[in-house]
Amino acid sequence: ICKPSLMTYPDQGSIDQNDKEAIETHDTTVARQSNKDMKKKLIACAWTSSSFQTRGGKTTVSDGDQRLLQWLEFNKMVGVDHVYLYDNSGAFSDTNSLKPVTDLFPGFATRIHWPAKVCNNRPGNGDNKGERSSQYAAAMSCHLRFGAHSDWLMAADTDEYMSPMGDFNDLKTLLNKVEKEKINVLNWKSKRSKPRLQYFNTTPTTEECVKQKCFDPSLPEGKTFLEVYNCNFEKPPRQNVMPAEKAIYRPDFVLLFFVHYATATVRSQMGKPETEKSGGRWDRRYKVKPGLRYADEEKEGTMLHTKAIVQKEIRYWNSTALKGNTKLGIEWPEGTDEVKNPSAKAKIFGAEYTSNCYHIPKIDTYWVPRLVDALEKRGVPKY
């Protein structure tokens, strides 16, 4: 309990607690690294589980292993140095865990058993809104335990892909640019993307779906979430987004981080005399800016939020898709958009549907092929 975090959670995985020589060697190495101030550039923190219940507890989603595998591979590819994974599977099961996935990434992913339950899983609206207490505690645990060992911390879920855009092909190069601007919090806009209809087999496989004209919306075998869900409501730069952005932030500046927001910073804790002494301007109402900005979605990076859809969300999908009023993605045909060609239709499965989303070209042409290649090299038969 009293050991520093990196000794408690070795990067290379757990150490046999009866092997005193191995423990001493590891602890000595960590102490030496600390003395040399060998910080990492970018550490990611994530809270997830093998399966979970949607808000309201009406549906169970069990794609956590598959999502984590692809998300870890992607973040390794874009330059994240290490991931601390708070495994919440124990809140739902005594047998399931994400250990088989994190074991595939020794030295890159550290799994922390985190069985703390969500106290209130109600929907996020109404008088008694749901909250994710387990997630909030995990985020601050990661911040306090591991923030001192990295220049930057990423706060993201395993369905969120911070994808470098423009001339940037990795996150570290982007952060080097941001550091020169003296930015401490780099926010990423968030809006749920749509899974593209053309990738699914729409044949009903259950009696319920025969009646309700739905299909299995699980990720097709051999496909990635990054590819299937690459369809946004707007072209970049997006304006119609959710107040649920994610961030890469400097832990030596941000003192408290609450899922989406930097709630306390070094500057916010300074009184008027301290602020003026440091050359700053004192305001009664604190603002994180000018040390905060959003990533430029065209030139720097965009976040694809690949939140899963469930079967009940696509009942009578064909009739709703014909009108474009669906959570399924109907891509605007190449060279068209809602301004120039508002009546343009997309032809899928021999039918014409009303378009409702735009793909991000670099994700399809650059990131997806590289992710598929990395997964295949890892030897995972079904990713």
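Residues numbered from 1 in each chain as written. Predicted model: local features only at pLDDT ≥ 70, side-chain atom pairs only at ≥ 80, totals over all residues. Heavy atoms only, no water.

1. Describing the overall build of the protein chain
Rule in force here: To qualify as a helix, a DSSP run of H or I must reach at least 4 residues; to qualify as a strand, a run of E must reach at least 2; elements of each kind are numbered from the N terminus. For every residue, the accessible area obtained with a 1.4 Å probe (protein chains only) is divided by the maximum for its type, and the residue is called buried under 20%, exposed over 50%, and partly exposed between those limits. In this description, contact between two residues means that some pair of their heavy atoms is separated by no more than 4.5 Å.
In terms of helices and strands, the protein chain carries 11 helices and 15 strands. When each of the 383 residues of the protein chain is scored for burial, the buried share is 48%. A separation of at least 24 residues holds for 75% of the contacts in the protein chain among residues at least 6 apart in sequence.

2. Re the side chain of Glu234
In plain terms, the rule: Charged-residue counts in this description rest on Lys and Arg as positive and Asp and Glu as negative, His and the chain ends being excluded. In the sections that follow, a salt bridge refers to a side-chain nitrogen of Lys or Arg positioned within 4 Å of a carboxyl oxygen of Asp or Glu.
Inspection of the secondary structure puts Glu234 in the loop between helix H8 (225-228) and strand S9 (242-249). As a buried residue without a salt bridge, Glu234 has its nearest oppositely charged side chain in Arg238, at a separation of 6.1 Å.

3. Quick notes on the state of the cysteines
Applicable threshold: The rule for a disulfide is simple: a pair of cysteine sulfur atoms within 2.5 Å.
All chains considered together, the criterion is met by three disulfides. Each sulfur in the disulfide pair Cys45 and Cys142 lies 2.0 Å from the other. The sign of the S-S torsion, about -75°, decides the handedness of the disulfide formed by Cys45 and Cys142: left-handed. You can see Cys45 sitting in strand S1 (residues 40-48) and its partner Cys142 sitting in helix H5 (residues 133-146), a full 97 residues away along the chain. Taking relative accessible area as the criterion, Cys142 reaches 0% and is therefore assigned buried. Disulfide pairing places Cys231 opposite Cys357 at an S-S distance of 2.0 Å. Disulfide Cys231-Cys357: the torsion about the S-S bond is 80°, which places it as right-handed.

4. Examining the sheet that holds strand S4 (residues 82-87)
This is how it is decided: Note: two strands are recorded as paired if DSSP finds a minimum of 2 bridges between them. Here an axis means a line fitted to C-alpha atoms, over the contact stretch when the element is a helix, while the angle between two N-to-C directions is reported on a 0 to 180 degree scale.
Strand order in the open sheet made by the seven strands is S5-S4-S1-S6-S9-S8-S12, with mixed pairing throughout. On the outer flanks of this sheet lie strand S5 (109-113) and strand S12 (292-294), each paired with one strand and no other. Between one strand axis and the next, the sheet turns through 25° on average, direction left out of account. Relative to S9, strand S8 (residues 185-190) is paired through five bridges, and the arrangement is antiparallel. Bridge pairing in S9 places Ser190 opposite Met242. Packed on one face of the sheet, H5 meets S1, S4, S5, strand S6 (150-155) and S9 and runs near 145° to S4.

5. Observations concerning the side chain of Ser190
Put simply, the rule is: Under the rule applied, a polar contact is a pair of N or O atoms within 3.5 Å (in protein, one hydrogen donor and one hydrogen acceptor; residues adjacent in sequence only if both atoms are side-chain atoms).
Position of Ser190 relative to the elements: it lies in strand S8. Within the local environment of Ser190, its side chain forms a polar contact with the side chain of His305, the two groups lying 3.5 Å apart. Apart from residues no more than four positions distant in its own chain, Ser190 is found in contact with Val241, Met242, Ala244, Glu245, Met303 and His305.

6. A short note on unusual backbone geometry
The bulk of non-glycine residues show a negative phi, and the bulk of peptide bonds are trans. Of note, the amide linkage connecting Pro236 to Pro237 takes the cis form, showing an omega dihedral of -5°. By the secondary structure assignment, Pro237 is in the loop between H8 and S9. Its identity as a non-glycine residue notwithstanding, Val259 has a phi of 60°, on the positive side. Tracing the sequence through the fold places Val259 in the loop between strand S10 (254-258) and strand S11 (261-265). Residue Val259 is classed as buried on the basis of its relative accessible area, which comes to 9%.

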